[in-house]
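A closer look at the structure
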Amino acid sequence: MKNFLDQCRDAIGPAHVLTGEKDTASYLTDWRQRFTGKALAVVKPASTDEVAAIVRLCNQFQVPVVPQGGNTGLVLGSVPDTSGSAIVLSLTRLNRIRFIDPISNTMTVDAGCILEQLQNAAAEAGRLFPLSLAAEGSCTIGGNLSTNAGGTAVLRYGNTRELCLGLEVVTAQGEIWSGLRGLRKDNTGYDLRDLFIGAEGTLGIITAAVLKLFPQPKAQLTALAAMRTPDDALRLLSLAQNHCGAALTGFELMSQLCLQLVTKHFPQMQLPFAEESAQYVLLELSDSESEEHAMAMLESVIGNALEQDVIQDAVVASSIAQSKSLWNLREHITLAQAAEGKNVKHDVSITISRIGDFIRETDILLQQNFPGCRMVTFGHLGDGNLHYNVSPPENASDEAFIAQQDAVNRVVHDSVHRFGGSISAEHGLGALKRDEIRLYKSDVEIQLMQSIKRTLDPMNLMNPGKVL
Ligand code: FAD
Ligand code: MLT
Ligand code: ZN
């Protein structure tokens, strides 16, 4: 009998079963370059039927499968372990936009489509696909769905889960479930779609999806405001929501150090203020009436905030280029922090009104335990989601600091737990937070998750060692 890899080659063509060191390297290391695994092969099917054929072979030969999209995940979900027993199943050749229906406001797409490609296709059809994140040039919609990605427009449009009306999935047994009807209402039993969304590839392989589209806004305005504290940023959030309602589509917090790192590592980017502030907020307004209407709302928010001493300064972008350069400051924080060296990342959510207290209390605890550590705190304040990242003290060794990673996590995650928050708001659990979550979820919750996993994937072949 032919061996497993030969049969994979027969199923999808030998050129699409990669085994050479150079060919497979980029699939085996995570985006942050913190971990490199091993794989039997990187297998790249081009259709749902080919994915199903490969998964059936994996069942026959009991080979674990690590699904991978753009490999931009931040929790070690998309790379294999070091055993070399799994295949990486790359979905990037499933990259067709199958159908756009502007009347139903839906788009049916393959899972390997790059997010930016979908944003552009929606715009060409006169519609908006609002999911937006700094990795949009390389992450795939299958990865976005599998991590239930958040990003910068959740405040108005919700997480990826809220943007999805249907899925096509290859089950752990290699069967195809087609749930692509794209209905906005369908109460016919358990919601299988929602099980696969956010499952990080542990229950099956998403091969296609029906996504929601929206009317394009008539105007989009961006402003950067400077303030003293996160509590002031929350006051600005209330003001902006009262004045703008659903037109407020983005509200991103950035601490001073975030932007210092961006301008240090990307000197072509500059802050538009003469003086530095402790905190900044990037606001985005999307208006369905006109630019004048949007500007009137934004000026009123900023005027009120200045008058009430909630903010000390603000700029409103007066061109698309200026708006882009304000967004660039925000979207380069992750890259700038990586360029600065290693750090301990956190992706937490807290009840919005308690975020100021959380930052104040946890900053003190961290300084007591790790004197001089530097806080790179930023994120989607409008959703209560902070990237509460901790960098080593200046001139300290990265390696020595990273050796204390578990202790840093304990301080931060215990604090999140005391505040009733979540230790993973948008990046998922992957392998990085798999053990950590057991400290914070109840036994009942873990057992329910385990029984779902056992039912859908009894041989434990779907991304084993991730999430659970
Ligand atoms: P991958 O990294 O390839 O995979 C992620 C997980 O999904 C893995 O567990 C993988 O096994 C599984 N998977 C992938 N495709 C499939 C599939 N078709 N079927 C089943 N399972 C699958 N995330 C946010 O939520 N918000 C942000 O604002 C954000 N900003 C980022 C900025 C930068 C600079 C970077 C590098 C990352 C950012 N991320 C953010 C994290 C990451 O981009 C998202 O998690 C994204 O959704 C991952 O997509 P991907 O295609 O790269 O998936
Ligand atoms: C972001 O919001 O930019 C991300 O989720 C990436 C990060 O946490 O670094
Ligand atoms: Zn984020």
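This text gives an overview of the structure that appears in the document. Residue positions are given per chain, counted from 1 along the sequence in the order it is written. Both sets of labels track the order of writing: A upward for chains, 1 upward for ligands. Residues qualify for local features only when their pLDDT is at least 70, as the model is predicted, and side-chain atom pairs are given and counted only at 80 or more; totals for whole chains, interfaces and linings, by contrast, use all residues. Working from all heavy atoms in the structure, the side-chain values ignore hydrogens and water.

Numbering of helices and strands runs from the N terminus, with a helix taken as a DSSP run of H or I at least four residues long and a strand as a DSSP run of E at least two residues long. On a plain count of helices and strands, the protein chain comes out with 17 helices and 18 strands. When its C-alpha atoms are laid out on the principal axes, the protein chain stretches across 80 × 55 × 45 Å. Burial status follows relative accessibility: with a 1.4 Å probe on protein chains alone, a residue under 20% of its type maximum counts as buried, one over 50% as exposed, and anything between as partly exposed. Within the span of the protein chain, comprising 468 residues, buried residues form 53% of the whole. Surface accessibility of the protein chain: about 20,300 Å² in total, with carbon and sulfur atoms responsible for 50%. This count recognises Lys and Arg as positive and Asp and Glu as negative, with His and chain-terminal groups excluded. Where a charge lies is defined by one atom per residue type, namely NZ (Lys), CZ (Arg), CG (Asp) and CD (Glu). For the protein chain, the separation between the mean place of its 39 positive charges and that of its 52 negative charges on side chains is 6 Å. With residues, only the protein chains shown are counted as cover, and all accessible areas are computed by Shrake-Rupley using a 1.4 Å probe.

The subject of this paragraph is the coordination of the zinc ion (ligand 3). The rule for donors is simple: N, O or S, within 2.8 Å of the metal, or within 3.2 Å if the metal is Na, K or Ca. Water isn't counted, so a site may look like it is missing partners. Bound to the zinc ion (ligand 3) are the protein donor atoms H380 (NE2), H387 (NE2) and E426 (OE), situated 1.8 to 2.2 Å from the metal. Spacing between the donor residues of the zinc ion (ligand 3) along the chain follows H-x6-H-x38-E. Here E426 lies in the loop between helix 15 (405–418) and helix 16 (434–437) and H387 lies in strand 18 (residues 385–391), a separation of 39 residues in the sequence. Take H387 and E426: they sit in the same class, and that class is buried.

With that out of the way, let us pick up unusual backbone geometry. Its identity as a non-glycine residue notwithstanding, N105 has a phi of 55°, on the positive side. Within the secondary structure, N105 sits in the loop between strand 5 (97–101) and strand 6 (106–110). Residues other than glycine seldom take positive phi values, yet N463 does so here, at roughly 45°. Here N463 lies in the segment after helix 17 (443–456). Given the relative accessible area of 1%, N463 is considered buried.

This paragraph deals with the site of ligand 1. Close to ligand 1 lie 35 residues, the nearest being P67, G69, T72, G73 and T140. At a separation of 2.9 Å, an oxygen atom of ligand 1 approaches a polar side-chain atom of N144. N or O atoms closer than or at 3.5 Å make up a polar contact, with two conditions inside protein: a donor-capable atom paired with an acceptor-capable one, and, for residues adjacent in sequence, both atoms drawn from side chains. Taking G150, its main chain carries an N or O atom lying 2.9 Å from an oxygen atom of ligand 1. In isolation ligand 1 offers 980 Å² of accessible surface; the protein chains occlude 97% of this area. For the shell around ligand 1, the secondary structure elements donating two or more residues are strand 3 (65–68), helix 5 (141–147) and strand 10 (204–212). Among the elements that take part in the shell around ligand 1, helix 5 stands out by supplying 5 residues, more than any other. Lys, Arg, Asp and Glu make up the charged group, whereas Ala, Val, Leu, Ile, Met, Phe, Trp, Tyr, Cys and Pro make up the nonpolar group; the residues left over, Gly among them, are polar. Considering only residue class, the shell around ligand 1 consists of 12 nonpolar, 21 polar and 2 charged. Nearness of a residue to a molecule or strand requires only that one of the residue's heavy atoms be within 4 Å of it.

Another aspect to go through is the site of ligand 2. Close to ligand 2 lie L74, R330, T334, K345, F378, H380, H387, E426 and H427. One of the side-chain N or O atoms of R330 is found 2.7 Å from an oxygen atom in ligand 2. Between ligand 2 and H380 there is a distance of 3.0 Å, counted from an oxygen atom to a side-chain nitrogen or oxygen. Burial of ligand 2 by the surrounding chains reaches 87%, relative to a free accessible area of 270 Å².

Another aspect to go through is the packing of aromatic side chains. Ring geometry is summarised as follows: Phe, Tyr and Trp rings, the Trp one being its six-membered ring, pair when their centres sit within 6.5 Å, and such pairs are stacked at plane angles under 30 degrees, edge-to-face over 60 and tilted between the two. Tallied over the entire structure, the rule returns 7 aromatic pairs. With centroids separated by 4.9 Å and ring planes inclined at 65°, the aromatic side chains of Y157 and F214 adopt a geometry described as edge-to-face. Note that Y157 is positioned in helix 6 (residues 154–157) and F214 in strand 11 (residues 214–215), a separation of 57 residues in sequence. The structure contains a cluster of three or more aromatic residues connected by ring pairs, namely F358, Y388 and F419.

Attention now goes to the packing of helix 8 (residues 230–244) against helix 13 (residues 355–369). Here, axes are lines fitted to C-alpha atoms. For helices the fit covers the stretch in contact, and angles between N-to-C directions go from 0 to 180 degrees. Direction vectors running N to C along helix 8 and helix 13 enclose 170°, while the axes themselves pass 8 Å from each other. Taken as axis vectors, helix 8 and helix 13 run roughly antiparallel relative to one another. Taking contact as the criterion, the partners of P230, D231 and L234 in helix 8 are, on helix 13, I355, G356, I359 and R360. Residue classes in the contact of helix 8 with helix 13 are distributed as 4 nonpolar, 1 polar and 2 charged. We call two directions roughly parallel when the angle between them is under 35 degrees, roughly antiparallel when it is over 145, roughly perpendicular when it lies between 65 and 115, and oblique otherwise. Any two residues whose heavy atoms approach within 4.5 Å are treated as being in contact.

Moving on: empty space enclosed by the protein. Only protein atoms enter the calculation, which uses a 1 Å grid: trapped sets of points that fit a 1.4 Å probe without letting it out are cavities, open sets showing protein on both sides within 12 Å along at least five of seven lines are pockets, and any residue with an atom within 4 Å of a point is a lining residue. Grid points are joined across faces, edges and corners, and a volume is the space filled by probe spheres set on the points. For the structure on display, the rule yields 1 cavity of 30 Å³ or more. By volume, the largest cavity is sized at about 60 Å³. Lining the largest cavity, in full, are R32, L74, V75, K345, H346, D347, H387, H427, L432 and K433.

Before going further, it helps to spend a moment on the side chain of T48. With respect to the secondary-structure elements, T48 resides in helix 3 (residues 48–61). Within the local environment of T48, its side chain forms a polar contact with the side chain of R98, the two groups lying 3.4 Å apart. Side-chain polar atoms of T48 contact the side chain of E168, separated by 2.6 Å. Sequence-distant contacts of T48, defined by excluding residues within four places in its chain, comprise L94, R98, E168, V170, I176 and T207.

With that out of the way, let us pick up the side chain of K466. Secondary-structure assignment places K466 in the segment after helix 17. D81 is the oppositely charged side chain nearest to the buried, salt-bridge-free K466, at an N-O distance of 7.3 Å. Only 3.2 Å separates the side chain of K466 from the backbone oxygen of G77, close enough to count as a polar contact. Every residue in contact with K466, bar those within four places of it in the chain, is listed here: V66, L76, G77, V79, T202, G430 and A431. Basic side-chain nitrogens of Lys or Arg form a salt bridge, by our definition, when they fall within 4 Å of a carboxyl oxygen of Asp or Glu.

Another point: the nonpolar core. Nonpolar side chains tend toward joint burial in soluble globular proteins. Membership of the largest hydrophobic core comes to 53 residues, with the highest contact counts inside it found for L236, L283, F358 and L366. Look past the residues within four positions of L283 in its chain and what remains in contact with it is L221, T222, A223, A225, L236, A240, L248, G250 and F251. Membership of the second largest hydrophobic core comes to 30 residues, among which are L131, L163, I206 and F214. The criterion is simple. A nonpolar core is a set of buried Ala, Val, Leu, Ile, Met, Phe, Trp, Tyr and Cys residues joined through side-chain atoms within 4.5 Å.

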